[in-house]
Amino acid sequence: MLETTIAAIRPADEAAMAAARELHGRLTKPAGSLGALEELSVRLAGLAGACPPPLPEPAAVAIFAGDHGVHAQGVSPWPQEVTAQMIGNFLAGGAVVNAFARQAGASVTVVDVGVATPLPTDPAVLDPAVLDPAVPRLVVASVRRGTRDLTMTAALTRDEALAAVRTGIRIADELIDAGAGILLTGDMGIANTTPAAVLIAAFTGADPLDTTGRGTGVDDPTYAHKVAVVRAALARHTPDPADPLGVLAAVGGLEHAALAGLILGAAARRTPVLLDGVIAVSAALAAAAFAPDAVCAMVAGHRSAEPGATVALRHLGLDPLIDLGLRLGEGTGALLALPVVTGAVRVLHEVATFDSAGVAEK
C-alpha cells in the first residue's frame, strides 16, 4: 500500500498553475492585491490539475491518538490516562476541536492508533461513507498500546511504524471516498511533543534547543530535561532522514506515523491536507521524505507556538496562514484556517473578470 501510494504522488500541474495566475490577472481587483491567497489558490490549482480547482469542501478532520513510552521520563506533567479521556471528550462533542468543527461544518473522525489505556467509550456504529458534522466517529486501529521509551530503545519496530502509516493512508482514502474535499490533521497524545521535537531535529538537522518547546506548558527545569531527552534520543538512534520509516520507528509516535500516512494518502488522491500544529508538521517532514512531491498537497494552517513548528515549516517551504500563538493541537488551528483556504479558491470560482463585469482596466 505504501509503495503504490508513493507512486501515485505527482508534481504540481504547471499548466493549471499558469492558468490560475492568468485568471487572477483578469479578475476585478488589482494584480496581487489578495497577497498570499493568490499563490495559495495557484498551488491548489496545481494540485488538482484544474483551474479553478474544486472548492475544498466538505472538510474532514482526522484526529490520530496514541501514547508514548517517553512519558516515563517526566517530559509532561499530565497523566497518560488523559489521552483516552480526551477521546471520550471528542466523541461527546465537548472539546475545542468539536466547537471549531461545528463552526466550520467539518466532520470529526477520531482514530485510536495506539492509546495505552482503555477507552471510556465503545466505537459508535457509523457509516464510514457518510461524513456527518454532527456526530464524531471513532475508528479503532490500534497498532500497539503506546510506543516504547525512545530514550531506551526504538519507539516502534519498522513493521509497527509501517502499520501506522498504512492506517493513515486508509483513513485518507475512506474520507475522500466519502466525499471530503479537504482533510485536516488532528492529534491527541500526552507527551507527543517530545517525539515531534526529535523527528523535526532528525529531518532538518536543527539543534534540539530549536525544535523543543514547552508542550502543555512545562516549567523551566522540566523544559531543560525535555531538551536533554531529545538530545539523548538523537544520540542513541542517529536516525537517517533518508530512511523515513526508520526514523518514525526509532523516534516517532504512532500518531505521527499515521499522520504521515494521511498526508501521503491525500497527496496521492490530489486532495489538499490542511496541517495543524507541531505534531502535524513533524509528520509532514516524514511524508516529504517518503515523497517530496507530497508537499504540493500540504497547506500550513497556522504557526504553532512550539518552536519546532517554525523550523519544520521553513524546511518544507510552507508559510502558515494564521499566527495566533496556538499550541493546543487536536486540529484546532487547521480548522480556524479553513475559511482562508476556502476563500482563496472561491475567488477563482466567483469573482468576475474585467471583461465580464464591464469594468475598465488601468
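Residues numbered from 1 in each chain as written. Predicted model: local features only at pLDDT ≥ 70, side-chain atom pairs only at ≥ 80, totals over all residues. Heavy atoms only, no water.

Labelled according to an unreviewed UniProt entry, the chain appears under the name Nicotinate-nucleotide--dimethylbenzimidazole phosphoribosyltransferase, originating from Micromonospora ureilytica. Among the UniProt annotations of the chain, the heading Catalytic activity (unreviewed entry) holds the following wording: "5,6-dimethylbenzimidazole + nicotinate beta-D-ribonucleotide = alpha-ribazole 5'-phosphate + nicotinate + H(+)". Its UniProt record gives the chain a comment under Pathway (unreviewed entry), which states: "Nucleoside biosynthesis; alpha-ribazole biosynthesis; alpha-ribazole from 5,6-dimethylbenzimidazole: step 1/2." (UniProt positions renumbered as here; feature names shortened; annotations may be inferred.)

A separate point is the overall build of the chain. Counting its secondary structure elements, the chain contains 15 helices and six strands. Relative to the compact-globule value of 21 Å for 362 residues, the chain shows a C-alpha radius of gyration of 20 Å, a close match. Taking the principal axes of its C-alpha atoms as reference, the chain extends roughly 70 × 45 × 40 Å. Residues classed as buried in the chain amount to 58% of the 362 residues present. A separation threshold of at least 6 residues defines the contact pool for the chain, and within that pool the share at least 24 residues apart is 79%. Positive and negative side-chain charges of the chain, numbering 24 and 36 respectively, have mean locations separated by a distance of 2 Å. (Helix = DSSP H or I, 4+ residues; strand = E, 2+ residues; numbered from the N terminus. Rg over C-alpha atoms; globule rule 2.2 N^0.38 Å. Buried < 20%, exposed > 50% of the residue type's maximum accessible area, 1.4 Å probe, protein only. Contact = heavy atoms within 4.5 Å. Lys, Arg positive; Asp, Glu negative; His and termini not counted. Charge placed at Lys NZ, Arg CZ, Asp CG, Glu CD.)

What follows deals with the sheet that holds strand S3 (residues 137–140). An order of S3-S2-S1-S4-S5-S6 is seen for the six strands of this open sheet, with the pairing classed as parallel. Two strands bound the open sheet, and with one partner strand each, they are S3 and strand S6 (298–300). Adjacent strand axes in the sheet meet at a mean angle of 25 degrees, parallel and antiparallel pairs treated alike. Pairing of strand S2 (residues 107–114) with S3 involves four bridges; the strand directions are parallel. Residue pairing in the sheet places Thr109 in a bridge with Arg137 of S3. (Pairing = 2+ DSSP bridges. Axes fitted to C-alpha atoms, helices over the stretch in contact; angles between N-to-C directions.)

With that settled, consider the domain arrangement of the chain. Domain annotation for the chain reports domain 1 (1–53 + 348–357) and domain 2 (59–341). Spacing between the C-alpha centres of domain 1 and domain 2 amounts to 28 Å. Every contact between the two is made by 16 residues of domain 1 and, on the other side, 25 residues of domain 2. With both chains or domains summed, domain 1 and domain 2 bury close to 1,800 Å², and 70% of this area falls on carbon and sulfur atoms. It is Leu2, Ile9 and Leu47 that lose the most area in domain 1 upon contact with domain 2, and together they represent 35% of the buried surface on that side. Those elements giving two or more residues to the side of domain 1 that touches domain 2 turn out to be helix H1 (2–8) and helix H3 (36–48). The element that contributes the greatest number of residues to the side of domain 1 that touches domain 2 is H3, accounting for six residues. (Domains from an automatic or database assignment. Buried area = accessible area lost by both parts, 1.4 Å probe.)

Moving on, we get to helix H14 (residues 332–350). The first and last C-alpha atoms of H14 sit 28 Å apart over 19 residues, in line with the 27 Å expected at 1.5 Å per residue. Largest kink in H14: about 35 degrees, centred on Leu338, with the proline Pro339 one to four residues after it. Along H14, the residues that are buried comprise Thr332, Gly333, Ala334, Leu335, Ala337, Leu338, Val341, Thr342, Ala344, Val345, Val347 and Leu348. (Expected span 1.5 Å × (residues − 1). Bend = angle between axes of the 7 residues up to and from the residue.)

For the rest of this paragraph, the subject is the UniProt feature "active site" (unreviewed entry) in the chain. Taken from the UniProt record, the annotation "active site" (unreviewed entry) applies to Glu330. By secondary structure assignment, the location of Glu330 is in the loop between helix H13 (307–316) and H14.

This part takes up the packing of aromatic side chains. As enumerated under the stated definition, the model contains zero aromatic pairs in all. Its end group placed over the ring of Tyr223, Arg214 keeps NZ or CZ at 4.8 Å from the ring centre. (Phe/Tyr/Trp six-rings, centres within 6.5 Å; stacked < 30°, edge-to-face > 60°. Lys NZ or Arg CZ within 6 Å of the ring centre and 35° of its normal.)

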